[in-house]
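# Secondary and tertiary structure notes
For reference, the chains in residue letters:
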Amino acid sequence: MIYIFYFLFFGFLLTAIIGLLASWIDRKVTAKVQYRVGPPLLQPLIDIVKLLGKETLIPAGSSKITFLMAPVIGLASVILVSTLLWINNIYPAKSFLGDLIVVLYLLVIPSISIIIGGFASRNPLASLGASREMKLILSYELPFILAILVTVIKSGFTFRLGEILTFQAQNGAFVRSWSGTLALIVAIICMQAKLALVPFDIPEAETEIVGGPLIEYSGSGLAIYRLMKNMLMFTVPFFLIIVFIGGLRLDGIHLLYGVLKYIGLVALMTVIRNTNPRVRIDQAVKFFWGPMTIIAIIAIILALLGR
Amino acid sequence: MSIKLKALLKSPWVFHLSTGSCNNCDIEILDCLTPRFDIERFGMLLVGSIKHADVLLITGSGNRKSMERAKRLYEQMPKPCLVVAVGECALSRGMFIHSYNCPVPIDKVIPVDVYIPGCPPKPEAIIAGIVKLIEKVKKGTAKK
Ligand code: SF4
């Protein structure tokens, strides 16, 4: 019973609210950077309500069930992963063996759901976007997993999120060490690609392939995708905060620190997004398999040496 | 007014279609997005796909080739949706009124909710037109 409460309240409701807020911060900061006023506070919510009220069109000749199921799969996996993260964050003792690996897998599924939706919609631009998304996943997953491996090594080869958290609570956050800092930098840049923000918004490239995989989605399908993306804007930074910066504590002054950590990461994402041009897909693959992987491997070696 | 329409008025996403304009109207529309006018503060965004759009913004005189496409785009737009015609060309074919290639004005082909005159209209005029459109929907007299 208590798990259903966690699932609905923390996993869905709280994550959605913070995610919507984060996407508003993102749009507002972008507007400020460009000397504009920017949208009002409730704008992301209004967008989703509006999309839910619109007609859902299914393109002729597409595979209907896959087309409609893909956004639901993505949203479900985001809710699951955020539930897991919240439970681990609040009760570190409740974690099970290997939940770090489960989280890593579940974080890939939103991207995979976008790929499935793109291919199911029978549109050449959507297929193009989906294939770019696929290449992007292949490129950033390797350094991302290597960076997460650093925390596994540093916490004494444990695969439980809860133990990683308690280890950090006793010995200080991993980001204070050299290897932790390097790994966090790699992970932040991979996060940028995971959330498909500029410079790695190659699959969605508005100016080239007009929205990419989501081009045929309308009404509630698009609303679910937008909600999923907004929730990912909370979930992925939250995961990094848990494994690198010691989690969010919900008591007293620690709550303030937690909020500051999160807002810092979101602001960093927004600034990166606003100060960079989009790269090509081959440049992205080269970037992730070259410099990023090398930095991640250096971080692993440093972690093995105990730095 | 239902919550559906209320939300629609707070976040109208615009798809911009040119049916053979001289490109001047289109530049004025893009001006609305610049820091000086910033229509994103009303929740408006320019979207690239007709399936995401709530407002179809038409410029140009509507020649024989493009009107077929415009009609198809109108049919593909998820309802409820609105149509705005910008510029003298889109209203009455403007200087192309005697052209062999522009047989009918746009509103004979698809229902237009608001007409914004001018050659090209200023960004202020475009925004004023959108405000009129919002009033119209609130009163319930829009064609939808
Ligand atoms: S109304 Fe004037 S500015 Fe606009 S497309 Fe026609 S000729 Fe060009």
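Residues numbered from 1 in each chain as written. Chains lettered and ligands numbered in written order. Predicted model: local features only at pLDDT ≥ 70, side-chain atom pairs only at ≥ 80, totals over all residues. Heavy atoms only, no water.

Another aspect to go through is the packing of helix H1 (residues 2-33) of chain A against helix H10 (residues 253-274) of chain A. Residues and elements named next belong to chain A. Taken N-terminus to C-terminus, the directions of H1 and H10 make an angle of 45°; their axes are 10 Å apart at the nearest point. Comparing the axis directions of H1 and H10 gives the class oblique. You can see that H1 and H10 cross each other, and the crossing is right-handed. Between H1 and H10, the contacting residues are Ile18, Ala22, Ile25, Asp26, Val29, Thr30 and Val33 on the first element and Tyr262, Val266, Thr270, Arg273 and Asn274 on the second. The residue inventory of the contact of H1 with H10, partitioned by class, reads 7 nonpolar, 3 polar and 2 charged. (Axes fitted to C-alpha atoms, helices over the stretch in contact; angles between N-to-C directions. Helix = DSSP H or I, 4+ residues; strand = E, 2+ residues; numbered from the N terminus. Parallel < 35°, antiparallel > 145°, perpendicular 65-115°, else oblique. Left-handed = near helix turned anticlockwise from the far one by under 90°. Contact = heavy atoms within 4.5 Å. Nonpolar A, V, L, I, M, F, W, Y, C, P; charged D, E, K, R; others polar.)

Let us look at empty space enclosed by the protein. All names here are of chain B. Counted by the stated rule, this structure contains 3 cavities of 30 Å³ or more. Quantified by volume, the largest cavity comes out at close to 110 Å³. Lining the largest cavity are Val14, Ile29, Cys32, Leu33, Ile39, Met44, Leu46, Leu57, Ile126, Ile127 and Ile130. In terms of residues, the lining of the largest cavity owes the most to one element, helix H5 (residues 123-139), which gives 3 residues. The residue makeup of the lining of the largest cavity, split by class, is 11 nonpolar, no polar and no charged. In terms of lining residues, the second largest cavity is bounded by Leu9, Pro12, Val14, Met44, Val55, Leu82, Ile130, Leu133 and Ile134. Per-element accounting of the lining of the second largest cavity gives the leading share, 3 residues, to H5. Partitioning the lining of the second largest cavity into residue classes produces 9 nonpolar, no polar and no charged. (1 Å grid on protein atoms, 1.4 Å probe; cavity = no way out; pocket = protein on both sides within 12 Å on 5 of 7 lines; lining within 4 Å. Points joined across faces, edges and corners; volume = space filled by probe spheres on them.)

Moving on to the layout of surface pockets. Residues and elements named next belong to chain A. The calculated volume of the second largest pocket comes to roughly 480 Å³. When residues of the lining of the second largest pocket are traced back to their parent elements, those giving at least two are helix H3 (64-90), helix H6 (161-171) and H10. Looking at the lining of the second largest pocket, its residues break down into 10 nonpolar, 8 polar and 3 charged.

Moving on, we get to the pattern of salt bridges. The full count for this structure, using the stated rule, is 13 salt bridges over all chains. For the salt bridge of Asp26 of chain A with Arg273 of chain A, the shortest nitrogen-to-oxygen distance reads 3.1 Å. Highlighted residues: Asp26 of chain A in helix H1 and Arg273 of chain A in helix H10, separated in sequence by 247 residues. A single network of salt bridges, built from pairs that share partners, joins Arg27, Arg36, Asp47 and Arg226 of chain A together with Asp38 and Glu40 of chain B. (Salt bridge = Lys/Arg side-chain N within 4 Å of Asp/Glu carboxyl O.)

Residues and elements named next belong to chain A. In contact at an axis separation of 9 Å, H3 and H6 are set at 40° when each is read in the N-to-C sense. Between H3 and H6, the interaxial angle falls into the category oblique. Crossing of H3 over H6 shows right-handed handedness. Contacts between H3 and H6 pair Leu85, Asn88 and Asn89 from the former with Leu161, Gly162 and Leu165 from the latter. Residues belonging to the contact of H3 with H6 are distributed by class as follows: 3 nonpolar, 3 polar and no charged.

The interface is formed by 26 residues belonging to chain B together with 27 residues belonging to chain A. For the pair chain B and chain A, the summed buried area comes to about 2,100 Å², and 55% of that belongs to carbon and sulfur atoms. Three residues, Trp13, Glu40 and Lys51 of chain B, lead the burial of chain B against chain A; their summed loss comes to 27% of the area buried on that side. Inspection of the region where chain B meets chain A yields 6 salt bridges. For the salt bridge of Arg36 of chain A with Glu40 of chain B, the shortest nitrogen-to-oxygen distance reads 2.7 Å. For the pair chain B and chain A, the interface holds 18 residue pairs in polar contact (both at pLDDT 80 or more). If you list the elements that add at least two residues to the side of chain B that touches chain A, you get helix H1 (3-10) and strand S2 (45-46) of chain B. Tallying contributions element by element places H1 of chain B first for the side of chain B that touches chain A, with 5 residues. Per-class residue counts for the side of chain B that touches chain A are 12 nonpolar, 6 polar and 8 charged. (Buried area = accessible area lost by both parts, 1.4 Å probe. Polar contact = N/O pair within 3.5 Å; in protein donor to acceptor, adjacent residues only side chain to side chain.)

Residue and element names in this part refer to chain A. Enumeration over the complete set of coordinates arrives at 10 aromatic pairs over all chains. Centroid distance Trp86 to Phe234: 5.8 Å. Interplanar angle 20°. Geometry classified as stacked. Here Trp86 is found in helix H3, whereas its partner Phe234 is found in helix H9 (residues 219-245), with 148 residues between them in sequence. On the accessibility criterion, Trp86 (2% relative accessible area) is buried. (Phe/Tyr/Trp six-rings, centres within 6.5 Å; stacked < 30°, edge-to-face > 60°. Buried < 20%, exposed > 50% of the residue type's maximum accessible area, 1.4 Å probe, protein only.)

The terminal C-alpha atoms of helix H7 (residues 178-194) of chain A, which comprises 17 residues, lie 24 Å apart, in line with the 24 Å expected from a rise of 1.5 Å per residue. Counting buried residues in H7 of chain A gives 13 out of 17 residues, a clear majority hidden from the surface. (Expected span 1.5 Å × (residues − 1).)

Quick look at the confidence of the model for chain B now. Per-residue confidence for chain B averages 85 on the pLDDT scale, and 97% of its residues sit at or above 70. Scoring the predicted complex yields pTM 0.89 and, for the interface, ipTM 0.85. (pLDDT = per-residue confidence, 0-100.)

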